[in-house]
Amino acid sequence: MQIILKNHSLNNLNTLRCRSVAANFIELTDIDLLSEVSDFIEKTNSKFFVLGGGSNLILPEKYDGLVIYNKLSGIDCIEEHSEYVLIKAMAGVIWDEFVAYTINKGWFGLENLSLIPGTVGASPIQNIGAYGAEVADFIEYVEVYDIQTNTVKQINNAGCNFSYRNSIFKLRPNYIVIAVTFRLLKDAILNYKYADLSKCLTDITNLTALDLRNCIIKIRQAKLPDPNQIGNVGSFFHNPILNNAKVNPLKLAYPGMPVYILDDDNSKVSAGWLIDNLGLKGFRQNNLGVYPKQALVLVNYDSSTQTEVLEFARMIQDKVKAKYGISLNIEPIIISKGG
Ligand SMILES: Cc1cc2nc3c(=O)[nH]c(=O)nc-3n(C[C@H](O)[C@H](O)[C@H](O)COP(=O)(O)OP(=O)(O)OC[C@H]3O[C@@H](n4cnc5c(N)ncnc54)[C@H](O)[C@@H]3O)c2cc1C
């Protein structure tokens, strides 16, 4: 059996920089280790979760189960056609390195998802999205190891049940994503209509996917805190999707509130605006704060605990509820002590 480390610190393995220790920890470098991992879980009756880049997690001070640290690596072009390629990346590949690799090869589609932290294996879990694109649009299928049955399964795009920051995988903790296969185009169809992007691209003629990537990287670096400098998990709350009957009176009360109409019944409201309009941008309490440049991002200035982070978030949720009658849901996954 690959060595299982005991009482392993996760302080530097989560971008929110929460203080955290795992009772058991294994680095997954080979798929063959998974049957042994499964035996360990069964014998010790342990809870477990897969850790990728730790950029969408709020970890507890002490995790009683097994952390499977995904380091599966490798990228392979498995089919090449005149118009598209199927490219398979192992789950531990760093997401942004994969995006850069595909653009460099002349395979397009992922450029709008540049600089999102984390791993390829986590990308389908919450259907990562940014700048008008979602990873669901490019996933052909996801390969998972089912830790309950010790079998490998291939789940096609429809089977993943993708929706806004959601997928079937959130309901299937027994699935460990081992690889994701993407369908990428050989001729770029660039998606640059998003407001911030068109402004940044005005001086560029003959726009390429690399230009688009560079522009997105520039915008993201200006707007979002670098997790290497300040602990954060990107957007802390989902943008609430509300019935138009609820949104219309709010629009009258707050004419400046950005509202994105989704269909005849529903609209999406900017959670960042709701928090900003409460005057909380830049607000700091002890080691936690609302990022001064983007109110949707909560920051951990020092090693806060999960309890402290959730208390701070609750204070913001309560203020938003009291002012607008809207409940904000937390976007990152909250790992509890025992699983
Ligand atoms: C500065 C910053 C900016 C961000 N911007 C965006 C953005 O624009 N859009 C966006 O969608 N997200 C964004 N995020 C959130 C985050 O980067 C993504 O959710 C990312 O996909 C998480 O990847 P990870 O490898 O770090 O996953 P982790 O945080 O390690 O894990 C997240 C969840 O996925 C599960 N998981 C991870 N790997 C596997 C696997 N192989 N098999 C099964 N389950 C797995 C974990 O158990 C956990 O439940 C941002 C985060 C930060 C810090």
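Residues numbered from 1 in each chain as written. Predicted model: local features only at pLDDT ≥ 70, side-chain atom pairs only at ≥ 80, totals over all residues.

Moving on, we come to the sheet that holds strand 6 (residues 75-80). One open sheet holds the 5 strands; their spatial order is 6-7-12-10-11, and the pairing between them is antiparallel. A single partner strand is all that each edge strand has here, and the edge strands are strand 6 and strand 11 (151-156). Going from strand to strand, the sheet's axes swing by 20° on average, the running direction of each strand aside. For strand 10 (residues 139-146) and strand 11, the ladder comprises 6 bridges, and the chain directions are antiparallel. Within the sheet, the bridge partner assigned to Glu 143 lies in strand 11 and is Gln 154. (Pairing = 2+ DSSP bridges. Helix = DSSP H or I, 4+ residues; strand = E, 2+ residues; numbered from the N terminus. Axes fitted to C-alpha atoms, helices over the stretch in contact; angles between N-to-C directions.)

Moving on: the domain arrangement of the protein. Looking at the assigned domains, one finds that the protein contains domain 1 (5-70), domain 2 (75-223) and domain 3 (231-331). Between the C-alpha centres of domain 1 and domain 2 there is a distance of 25 Å. At the interface, 13 residues of domain 1 touch 13 residues of domain 2. For the side of domain 1 that touches domain 2, the secondary-structure elements that each account for two or more residues are helix 1 (33-44) and strand 5 (62-70). Top contributing element to the side of domain 1 that touches domain 2 by residue count: helix 1, with 4 residues. Tallied by class, the residues present in the side of domain 1 that touches domain 2 amount to 5 nonpolar, 8 polar and no charged. (Domains from an automatic or database assignment. Contact = placed C-beta atoms within 7 Å. Nonpolar A, V, L, I, M, F, W, Y, C, P; charged D, E, K, R; others polar.)

Let us look at unusual backbone geometry. A positive phi angle is found at Asn 45, which is not glycine, with a value near 55°. In this model, Tyr 131 sits at a positive phi of 50°, which is unusual for a non-glycine residue. Counting through the fold element by element, Tyr 131 comes out in the loop between strand 8 (129-130) and strand 9 (133-134). Residue Tyr 131 is classed as buried on the basis of its 20 C-beta neighbours within 10 Å. (Buried ≥ 20, exposed ≤ 12 C-beta atoms within 10 Å, placed from the backbone.)

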